[in-house]
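A look at the structure
Listed here are the chains, written in short residue letters.
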Amino acid sequence: MTELPDDIEQLKAILLKLQEENQCKDEAIATLEKTIQTQAEECKDQMSFFTYLNSYLFG
């Protein structure tokens, strides 16, 4: 484990950096979740189309 500095200003800087890193990760996760949701909806739409097409072609 990394040894922490004694200086309070250095500790504040470390904390701020970690908070910024976490925010970036949270934003990346949110973007991935939105992408997955969009792709799931597109897949559902395609499946609906293929189901319709199958019933139309093969009764």
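Summarised in this report is the structure supplied together with it. On a predicted model such as this, the values are computed, not experimentally measured, just so you know. (Residues numbered from 1 in each chain as written. Predicted model: local features only at pLDDT ≥ 70, side-chain atom pairs only at ≥ 80, totals over all residues. Heavy atoms only, no water.)

1. Focus: the overall build of the chain
For the record, the criterion: By definition, any uninterrupted DSSP run of H or I lasting at least four residues is a helix, any uninterrupted run of E lasting at least two residues is a strand, and each is numbered from the N terminus. Only C-alpha atoms enter the radius of gyration; for comparison, a globular chain is expected to reach 2.2 Å times N to the power 0.38, where N is the number of residues. Three labels apply to residues, based on accessible area from a 1.4 Å probe with only protein chains included: buried if under 20% of the type maximum, exposed if over 50%, partly exposed otherwise in between. With residues, only the protein chains shown are counted as cover, and all accessible areas are computed by Shrake-Rupley using a 1.4 Å probe. All tallies of charge rest on Lys and Arg as positive and Asp and Glu as negative; His and the ends of each chain are not included. We put the charge of a Lys on NZ, of an Arg on CZ, of an Asp on CG and of a Glu on CD.
Regarding its fold elements, the chain presents one helix and zero strands. Taking 59 residues into account, the globule formula puts the C-alpha radius of gyration at 10 Å, and the chain, at 24 Å, lies well above it. Projected onto the principal axes, the alpha-carbon positions of the chain cover approximately 75 × 20 × 5 Å. Out of the 59 residues belonging to the chain, those deemed buried represent 0%. Total accessible area on the chain is roughly 5,800 Å²; 59% of this is exposed by carbon and sulfur atoms. Of note, the chain has its 5 positive side-chain charges centred 4 Å away from the centre of its 12 negative side-chain charges.

2. Focus: the environment of Phe49
With respect to the helices and strands, Phe49 occurs in helix α1 (residues 8-58). Judged by its relative accessible area of 46%, Phe49 falls in the partly exposed class.

3. Quick word on a nonpolar patch on the surface
Operational definition: Here a patch means residues that are over 30% exposed by relative accessible area and free of salt bridges, tied together within 9 Å if like-charged and within 5 Å if nonpolar (Val, Leu, Ile, Met, Phe, Trp, Tyr). Salt bridges are defined as contacts in which a side-chain nitrogen from Lys or Arg sits within 4 Å of a carboxyl oxygen from Asp or Glu.
Taken together, the side chains of Met47, Phe49, Phe50, Tyr52, Tyr56, Leu57 and Phe58 define a hydrophobic patch exposed on the protein surface, amounting to about 890 Å² of accessible area. Inspection of the secondary structure assignment puts Phe50 in helix α1. We classify Phe50 as partly exposed; its relative accessible area is 47%.

4. Remarks on the environment of Gln37
Here Gln37 is to be found in helix α1. Exposure remark for Gln37: the relative accessible area of 45% places this residue in the partly exposed category. Through-space distance from the C-alpha of Gln37 to that of Glu9 is 42 Å; in sequence the pair is 28 residues apart.

5. Observations concerning α1
Because each turn of an α-helix spans 3.6 residues, side chains separated by three or four positions end up pointing in the same direction. Selection criterion: Every helix has an expected span of 1.5 Å times one less than the residues it contains. Whenever two N or O atoms come within 3.5 Å, that pair is a polar contact, provided that in protein one can donate a hydrogen and the other can accept it, and provided that, for residues adjacent in sequence, both atoms are side-chain atoms.
Taking 1.5 Å of rise per residue, the 51 residues of α1 would be expected to cover 75 Å, and the 74 Å separating its terminal C-alpha atoms lies within 8% of that figure. Measuring from the side-chain oxygen of the N-cap residue of α1 to the backbone nitrogen of Glu9 gives 3.0 Å; that N-cap residue is Asp7. Directly beyond the C-terminal end of α1, a positive phi value near 65° is found at Gly59.

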